[in-house]
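# Chains, contacts and geometry: an overview
If you want the building blocks of each chain, they are given just below.
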Amino acid sequence: MITRYALFEGKVREGEAEAFRTAVMETILPKWKQFPGALDVRVTFAEARDEGAPEFPMILAVNYPDMAAVEKALASPVRTEARAATEAVLSRFFEGRIHHHVTLAHEFQL
């Protein structure tokens, strides 16, 4: 299995945390759940961080069965729509940047 993570490093604008969460759940998440071949799409919101630690107020993770499914999803017009929805929400509520990571599940099997 392959997981693509988007780590949102930065912060939600002051007083906008609840509106940000709502926009993510109602706007961003449904778009990413439409990705062809996606097994699971989930969002995790950070509640608190240790002082001095990087801020990741949100992590978006999409699981795929294999690289062929990832490539199909990335080439899909759904990706364009999902990115546009994500950028619209981020421009309203978020100050920071996004890191993308790909994890191959078999790397962690014992």
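Scroll up for the structure.
Because the structure is a prediction, the values reported are computed rather than measured.

### Thoughts on the nonpolar core
Membership of the largest hydrophobic core comes to 27 residues, with the highest contact counts inside it found for Phe20, Val24, Trp32 and Leu60. Those elements that place two or more of their residues in this core are strand E1 (2-12), helix H1 (17-32), strand E2 (40-45), strand E3 (58-64), helix H2 (67-75) and helix H3 (77-93). Top contributing element to this core by residue count: H1, with six residues. The contacts of Trp32, once residues within four sequence positions are left out, are Val41, Leu60, Val62, Ala82, Arg83 and Thr86.

### Re H2
Each α-helix winds once per 3.6 residues, and so residues spaced three or four apart point in a common direction. By the burial criterion, the buried members of H2 are Ala69, Val70 and Ala73. Mapping the buried residues of H2 onto a view down its axis gives an arc of 100°, with all of them on the same face. The exposed residues of H2 that point more than 90 degrees off its buried face are Ala68, Glu71, Lys72 and Ala75. On its buried side, H2 packs onto E1, E3 and H3. Two or three places before Ala68, at the start of H2, stands the capping residue Asp66, its side-chain oxygen 3.3 Å from that residue's backbone nitrogen.

### Observations regarding the packing of aromatic side chains
In the structure shown here, the tally under the stated rule is five aromatic pairs. Seen from their ring centres, Phe20 and Phe93 are 6.4 Å apart, and the 65° between their planes marks the pair as edge-to-face. Separated by 73 residues along the polypeptide, Phe20 in helix H1 and Phe93 in helix H3 bring together distant segments of the chain. Taking relative accessible area as the criterion, Phe93 reaches 5% and is therefore assigned buried. What links up through ring pairs into an aromatic cluster is the set Phe8, Phe20, Phe45, Phe93 and Phe94.

About the thresholds
Residues numbered from 1 in each chain as written. Predicted model: local features only at pLDDT ≥ 70, side-chain atom pairs only at ≥ 80, totals over all residues. Heavy atoms only, no water. Core = buried A, V, L, I, M, F, W, Y, C linked by side-chain atoms within 4.5 Å. Buried < 20%, exposed > 50% of the residue type's maximum accessible area, 1.4 Å probe, protein only. Helix = DSSP H or I, 4+ residues; strand = E, 2+ residues; numbered from the N terminus. Contact = heavy atoms within 4.5 Å. Arc of directions from axis to C-beta. Polar contact = N/O pair within 3.5 Å; in protein donor to acceptor, adjacent residues only side chain to side chain. Phe/Tyr/Trp six-rings, centres within 6.5 Å; stacked < 30°, edge-to-face > 60°.

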